[in-house]
Amino acid sequence: MANSYIEYTSGLTATTYSVPFNVLSIDDVNVKGYNGSTWSDLTVASRDAAAKTVTLSGAPSAYQKIRVWRNTGTTQLVDFQNGSRLSESDLDTAYQQGLFVAQEVSENASTNIEGIGPQGPQGPQGIQGVAGNDGADGVDGVTSTVALTESFESAEQTIPASAGNVEVTHGLGSIPKIFQVVVRCKTTEMGYLIGDEVDVTTSGVQCSIYSNNTVIGFTQKPSVYLSHKDGSAVANITTANWKLVFRAFA
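Residues numbered from 1 in each chain as written. Predicted model: local features only at pLDDT ≥ 70, side-chain atom pairs only at ≥ 80, totals over all residues. Heavy atoms only, no water.

### Re the overall build of the protein chain
The condition that has to hold: Where helices and strands are cited, they refer to DSSP runs of H or I of at least four residues and of E of at least two residues respectively, numbered from the N terminus. Any two residues having at least one pair of non-hydrogen atoms within 4.5 Å are treated as being in contact. The accessible surface values rely on the Shrake-Rupley method and a 1.4 Å probe; as for residues, cover is taken only from the protein chains in view.
Each helix and strand in the protein chain was counted, giving one helix and 21 strands. In the protein chain, 65% of the contacts between residues at least 6 apart in sequence involve partners at least 24 apart. Surface summary for the protein chain: the accessible area is close to 12900 Å², and the carbon and sulfur share equals 47%.

### Quick notes on unusual backbone geometry
Heads up, the condition is: Using a 1.4 Å probe on the protein chains alone, a residue whose accessible area is under 20% of its type maximum counts as buried, one over 50% counts as exposed, and one in between counts as partly exposed.
Of note in the backbone geometry, K52 takes a positive phi value of approximately 55° without being a glycine. Its place among the elements puts K52 in the loop between β5 (44-48) and β6 (53-56). Judged by relative accessible area, which is 26%, K52 ranks as partly exposed. Of note, the phi angle at M190 is positive, near 55°, even though the residue is not glycine.

### A short note on the sheet that holds strand β7 (residues 65-70)
Across a sheet, paired strands are connected by hydrogen bonds in the backbone, their directions being either parallel or antiparallel. Put simply, the rule is: Between any two strands, at least two bridges found by DSSP are needed for them to pair. Helix axes are fitted to C-alpha atoms over the stretch in contact, other axes to C-alpha atoms as well, and angles between N-to-C directions run from 0 to 180 degrees.
Strand order in the open sheet formed by four strands is β1-β7-β3-β4, and the pairing between neighbours is antiparallel. If you trace the sheet from one side to the other, it starts and ends with β1 (5-8) and β4 (39-41), each paired once. Strand-to-strand twist in this sheet, taken as the mean axis angle between neighbours without regard to direction, amounts to 25°.

### Side note on the packing of aromatic side chains
To keep things clear, this is the line we draw: Centres within 6.5 Å are what make two rings of Phe, Tyr or Trp a pair, Trp counting through its six-membered ring; a difference in plane orientation under 30 degrees is then read as stacked, over 60 as edge-to-face, and the rest as tilted. In this scheme, the term charge over a ring applies when either NZ of a lysine or CZ of an arginine sits within 6 Å of the ring centre and within 35 degrees of the ring normal.
Considering all chains together, one arrives at four aromatic pairs under this definition. Ring centres of Y8 and Y17 lie 5.1 Å apart, and the angle between their planes is 50°; on these two criteria the pair is classed as tilted. Y17 shares its class with Y8; the two are buried. Taking 6.0 Å as the distance between ring centres and 55° as the angle between the ring planes, the aromatic pair formed by Y95 and F249 counts as tilted. With Y95 in helix α1 (residues 88-107) and F249 in strand β21 (residues 242-249), the pair connects residues that are 154 residues apart, well separated along the chain. The cationic tip of R67 hangs over the ring face of Y5; the distance from NZ or CZ to the ring centre is 3.8 Å. We note R70 situated over the ring of F100; from NZ or CZ to the ring centre the distance is 4.1 Å.

### Description of the pattern of salt bridges
Put simply, the test is: We count a salt bridge whenever a side-chain nitrogen from Lys or Arg sits within 4 Å of a carboxyl oxygen from Asp or Glu.
Throughout the structure, instances matching the rule amount to eleven salt bridges. With its nearest N and O atoms 3.0 Å apart, the salt bridge here joins R247 to E153. Placement of the pair is R247 in strand β21 and E153 in strand β12 (residues 151-153), with a sequence separation of 94 residues. For E153, a relative accessible area of 46% corresponds to the partly exposed category. Its salt-bridge partner being K229, residue D196 comes within 2.7 Å of it at the nearest N-O pair. Taken together, the residues D196 in the loop between β15 (178-185) and β16 (197-199) and K229 in the loop between β19 (225-227) and β20 (234-236) connect sequence positions 33 residues apart.

### Structural notes on the sheet that holds β5
Strand order in the open sheet made by the three strands is β2-β6-β5, with antiparallel pairing throughout. Of all the strands in the sheet, just β2 (16-18) and β5 have a single pairing partner and so form its edges. Averaged over all adjacent pairs, the angle separating strand axes in this sheet is 20°, with direction ignored. Across three bridges, β2 lies against β6 in antiparallel orientation. Within β6, the position partnered with S18 by the bridge is T53.

Here it is, written out as structure tokens:
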């Protein structure tokens, strides 16, 4: 099954069709109809993000099949800034944008032109570089872009009961451009539910990437402190109730 489109060959007297693949925005979904020799763009009357459906302005009964497909934009959605805190949402958006565009190109989601070969959407634009010392974009003061093509997520790691160090091998073969450490709740505590994650990359702990290009390290101070989920207070966690998860992108 394709990751960026679905084709319907029956039920073409209907006007509303399901969108079973992942999207960043329901507005990225379009529909084409195939008459046996060529593809044509069909007019979408409405899109429903909650129901994950698209509704055409008219039933496509004149076509042999239709393709509901995703066309993710290549305009940069997330601009990471030097020294800023990385949120899971921003990391997911940046990663998924590149992944979705790559899938659309690989699968020729826009239309598979029989006899001519695939023609897909434009490839992804890299993420803009961090600010340099002179205040201009890019480390050396020149505008630059960074493409994220590889990712890593560790298995759950045990948090030391006292000050200590945890290392995992990321296997990316180079120093990650972006890294993240979260604590994942395994037993309810401080208002957090099982499965909740809290980003601790820059919060009360030290996390560093070593120059051997293979390891992400977590160095724990005597205690790990978190705010209660409702923000009411800060307290040290019970380490047995949480696990560490490391993520890296290169």
